[in-house]
Amino acid sequence: MSSDNGAANSMWGGRFAAGPSAIMEAINASIGFDQRLAPQDITGSRAHAAMLAATGIISAEDAAAIDGGLAQVLGEIENGRFEFSAALEDIHMNVEARLQQIIGAPAGRLHTARSRNDQVAVDFRIWVRNQCDAAIAGLEALMRAYLAQAEEGADWVMPGFTHLQTAQPVTWGHHMLAYVEMFARDKGRFEDARARMNECPLGAAALAGTSFPIDRQMTADALGFERPTANSLDTVSDRDFALEFLAASSICAMHLSRFAEELVIWSSAQFRFVRMSDQFSTGSSIMPQKRNPDAAELLRAKLGRILGATVALFTVMKGLPLAYSKDMQEDKEQVFDAADTLMLGLAAMEGMVRDLSANRAALEAAAASGFSTATDLADWLVRELGLPFREAHHVTGSLVKLAEDKGCDLPDLSLAEMQKVHGEITDAVYSVLGVQNSVASRISYGGTAPANVRAQIARWKEVLG
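Presented here is an overview of the structure given in this document. Treat the numbers as computed from the prediction; the structure is a model and nothing was measured. One numbering rule holds for all chains: residues counted from 1, following each sequence as written. At least 70 in pLDDT is required for a residue's local features to be given in this predicted model, at least 80 for side-chain atom pairs to be given and counted, and no such filter applies to totals for whole chains, interfaces and linings, which use all residues. Hydrogens and water are ignored here; the side-chain numbers use all heavy atoms of the structure.

Quick notes on the side chain of T235
Selection rule: Numbering of helices and strands runs from the N terminus, with a helix taken as a DSSP run of H or I at least four residues long and a strand as a DSSP run of E at least two residues long. For the purposes of these results, a polar contact is taken to be a pair of N or O atoms within 3.5 Å, where, inside protein, one atom must be able to donate a hydrogen and its partner to accept one; residues adjacent in sequence count only when each atom of the pair is a side-chain atom. Pairs of residues are marked as contacts when any of their non-hydrogen atoms sit within 4.5 Å.
Along the chain, the position of T235 falls in helix 10 (residues 232-237). A polar contact of 2.7 Å, which involves the side chain of T235, links it to the side chain of T229. Residues in contact with T235, not counting those within four places in the same chain, are A121, P201, A204 and T229.

The structure is reproduced here in structure tokens:
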């Protein structure tokens, strides 16, 4: 096991005569959080050692000893038997110190042609790349949950809102598919970010590369990267990959929060559009009639942490000269927390959407209120009577005011009352004033017509496989 006794001094090769103060150790050490990078650190080191042997920089015997020792270290970490030391600062030094205890002198050859600068860059990049994969998988599962809702209610009518005011009728399926489109864009952003970050930093060393005859393509291939990075200065100072991950996560979190907000509104007694399952609702400690949408509210709040992490890392990076600065140690906690929060949010939202029960009757009743077919009436006046749209808009507004004054909706006005506003209106107008007819007529590409919704569902099922 690793030990604090004199370890910091020995690992620094005698540079300092005394160990750091407790305050310096506390501010300098990152092992409290970067131990999470242990699997990536050991994977990168094993690939590096294999390359050093293949290029003749170290012997095959030393490389074999290093590989076996690193496998043992990984086993100890995975089994919870590894003793992490703050005095050794970070995961890299903790692993190397334990490796030295296990195999002795060959451990000292592992760091040949490498710096902690390119080492942490490759560890962190692999970790973020894996998180992109996890986010993509989570998004695909969430999109399938929305597709199931859309398929069930492809022709269910509900109000479409602007300014949270009833605007025009839409279908439940169309509303669900709006989120499929949003999360598809999020998925694309993670895929784009992953492709851009898939270059291997190993071999950049501290900032200038190395004089050893290393094979950077070999380590890139071993670690699943497309190619090695092309500029050593940029390599060790770059955290764009983390920033892109956070930016994609922030946009995705915003989408999650928007639907969480809709669930909070829709599940209220005033709307009664949906009922959330008991699994994602709680009761009140004092009011027995209450069903609180706590999961949606917590998700809406927690996802603000992701935006906070994004701003924090941008703030860290914005004033740093090339190449590496210790400020960059502040990258990991932000990204770790954001990634954890995002994955929790995706899983929670998938569960809420899958368990969600829509109140079809309440949706349709609300769709028919608030003069939601006024635009259909204006379109009919243009299409059937040849009115300019602005005139049709004025006529429709007059009819809406008449209905308001009478305390009724547009379909409840008599033909005679309508003809007082415009004499050429015929009883054919009633064919467009029903919400079912309204949504069925919206057949333009991307429109809410049930036939469109079903076609889009079929397309997305094929895309997602």
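Focus: helix 17 (residues 389-406)
Helical geometry note: an α-helix holds 3.6 residues per turn, so side chains three or four residues apart project in the same direction. To keep things clear, this is the line we draw: One less than the residue count of a helix, multiplied by 1.5 Å, gives the span that helix is expected to have.
The end-to-end C-alpha distance of helix 17, which contains 18 residues, comes to 25 Å, matching closely the 26 Å that a straight helix rising 1.5 Å per residue would cover. At the C-terminal side of helix 17, G407 shows a positive phi close to 70 degrees.

Remarks on helix 6 (residues 91-103)
Rule in force here: To sort residues, take the accessible area from a 1.4 Å probe on protein chains only and compare it with the maximum for the residue type: under 20% means buried, over 50% means exposed, and anything in between is partly exposed.
For helix 6, built from 13 residues, the straight-helix expectation of 18 Å at 1.5 Å per residue is met to within 8% by its first-to-last C-alpha distance of 18 Å. Within the sequence span of helix 6, burial applies to I91, H92, M93, N94, V95, E96, A97, R98 and L99. The opening residue of helix 6, the one whose side-chain oxygen lies 3.1 Å from the backbone nitrogen of H92, is D90.

As for the packing of helix 7 (residues 116-152) against helix 11 (residues 240-266)
Filter applied, for reference: Angular values range over 0 to 180 degrees, each being the angle between N-to-C directions of two axes fitted as lines to C-alpha atoms, with helices fitted over their stretch in contact. Roughly parallel here means an angle under 35 degrees, roughly antiparallel means over 145, roughly perpendicular means 65 to 115, and every remaining angle is called oblique. By definition, any crossing whose near helix is turned counterclockwise from its far helix by less than a right angle is left-handed, and any crossing with a clockwise turn is right-handed. Three classes are used, and their members are as follows: Ala, Val, Leu, Ile, Met, Phe, Trp, Tyr, Cys and Pro are nonpolar, Asp, Glu, Lys and Arg are charged, and the others, Gly among them, are polar.
At a minimum axis distance of 10 Å, the contact between helix 7 and helix 11 shows a crossing angle of 25 degrees. Between helix 7 and helix 11, the angle is such that the two are roughly parallel. Considering how the two elements wind past one another, helix 7 and helix 11 form a crossing that is left-handed. Contacts between helix 7 and helix 11 pair A121, F124, R125, V128, Q131, C132, L139, L142 and Y146 from the former with F241, A242, F245, C252, L256 and F259 from the latter. Residues of the contact of helix 7 with helix 11, tallied by class, amount to 13 nonpolar, one polar and one charged.

Remarks on the packing of aromatic side chains
Selection criterion: A pair of Phe, Tyr and Trp rings is counted when the ring centres sit within 6.5 Å of each other, with Trp represented by its six-membered ring. The angle between the planes then sorts it: under 30 degrees is stacked, over 60 is edge-to-face, the rest tilted.
If you walk through the whole model with that rule in mind, you get 15 aromatic pairs. Aromatic pair Y179 and F259: ring centres 4.8 Å apart, planes at 70 degrees, arrangement edge-to-face. Within this pair, whereas Y179 is found in helix 8 (residues 172-197), its partner F259 is found in helix 11, the two being separated by 80 residues in sequence. The same class applies to Y179 and to F259, which are both buried. Geometrically, the ring pair formed by W266 and F273 is tilted, given 6.3 Å between the ring centres and 50 degrees between the ring planes.

Quick word on the pairing of strand 2 (residues 165-171)
Along any regular strand, the residues point their side chains to alternate faces of the sheet. Note the threshold: In this description, strands pair whenever DSSP reports at least two bridges between them.
Sheet topology note: the strand 1 (residues 157-162)/strand 2 ladder contains six bridges and is antiparallel. Bridged to T162 within strand 2 is Q165. Between the end of strand 1 and the start of strand 2, which pair antiparallel, lie two residues, with H163 showing a positive phi angle near 60 degrees.

Structural notes on the environment of D337
Take D337: it is sitting in helix 14 (residues 331-355). Note: C-alpha distance between D337 and A309 (28 residues apart in sequence) is 7.8 Å.

Points about the state of the cysteines
Heads up, the rule is: By convention in this document, the label disulfide applies to cysteine sulfur atom pairs within 2.5 Å.
Under the definition given, this model contains zero disulfides. Cysteine C132 remains unbridged, with the sulfur of C252 as its closest cysteine sulfur at 12 Å. With a relative accessible area of 0%, C132 lands in the buried category.

Some remarks on the nonpolar core
So the rule is basically this: Nonpolar cores are built from buried Ala, Val, Leu, Ile, Met, Phe, Trp, Tyr and Cys residues. Side-chain atoms within 4.5 Å join them into one set.
Counting residues in hydrophobic clusters, the biggest one holds 94 residues, and the most contacted among them are Y146, W172, F190, L256, F259, M349 and M352. When residues of this core are assigned to their parent elements, the largest contribution, 14 residues, is made by helix 11. Those residues within four positions of Y146 in sequence are excluded, and the remaining contacts are M176, Y179, V180, F183, F259, M349 and V353. By size, the runner-up hydrophobic cluster in this structure holds 20 residues, among which are F371, L377, L387 and C408.

Considerations on a nonpolar patch on the surface
Basically, it comes down to this: A patch consists of residues exposed above 30% relative accessible area that lack any salt bridge, with like charges linked at up to 9 Å and nonpolar side chains (Val, Leu, Ile, Met, Phe, Trp, Tyr) linked at up to 5 Å. Accessibility throughout is a Shrake-Rupley quantity obtained with a 1.4 Å probe, and a residue counts as covered only by protein chains that appear here. Whenever a carboxyl oxygen of Asp or Glu lies within 4 Å of a side-chain nitrogen of Lys or Arg, that contact is scored as a salt bridge.
A cluster of nonpolar side chains, L207, L233 and L322, forms an exposed patch at the surface whose accessible area comes to about 270 Å². Relative to the elements of secondary structure, L233 occurs in helix 10.

Points about unusual backbone geometry
Cis geometry marks the peptide bond from L322 to A323; its omega dihedral reads 10 degrees. Relative to the helices and strands, A323 resides in the loop between helix 13 (304-317) and helix 14. In this model, E89 sits at a positive phi of 70 degrees, which is unusual for a non-glycine residue. Relative to the helices and strands, E89 is located in the loop between helix 5 (60-78) and helix 6. For E89, a relative accessible area of 10% puts it in the buried group. Phi is positive for A113, which is not a glycine, with a value near 60 degrees. With respect to the element layout, A113 can be found in the loop between helix 6 and helix 7.

Comments concerning the packing of helix 4 (residues 38-54) against helix 7
When two helices pack together, their arrangement is captured by the angle between the axes and the distance separating the axes. Where helix 4 meets helix 7, the closest approach of the two axes is 9 Å, and the angle between their N-to-C directions is 120 degrees. The pairing of helix 4 with helix 7 is recorded here as oblique in orientation. Here helix 4 and helix 7 pass one another in a crossing that is right-handed. Judged by residue contacts, Q40, D41 and S45 of helix 4 engage Q119, D123, I126, W127 and N130 from helix 7. Residue classes in the contact of helix 4 with helix 7 are distributed as two nonpolar, four polar and two charged.

A short note on the pattern of salt bridges
The tally for this structure, following the rule as stated, stands at 27 salt bridges. A salt bridge links D186 to R189; its shortest N-O distance comes to 3.0 Å. Remark: R189 and D186 occur in helix 8; sequence separation between them is three residues, near one turn of the helix. The class of R189 is partly exposed, set by a relative accessible area of 28%. A salt bridge links R227 to E226; the shortest N-O distance between them is 2.6 Å. Each of E89, D90 and R116 takes part in one network of salt bridges that share partners.

Here we look at the side chain of Q456
Note that Q456 resides in helix 20 (residues 450-464). Relative accessible area serves as the criterion here: at 16%, Q456 is assigned to the buried category. Residues contacting Q456, with those up to four places away along its chain left out, are L177, E181 and Y445.

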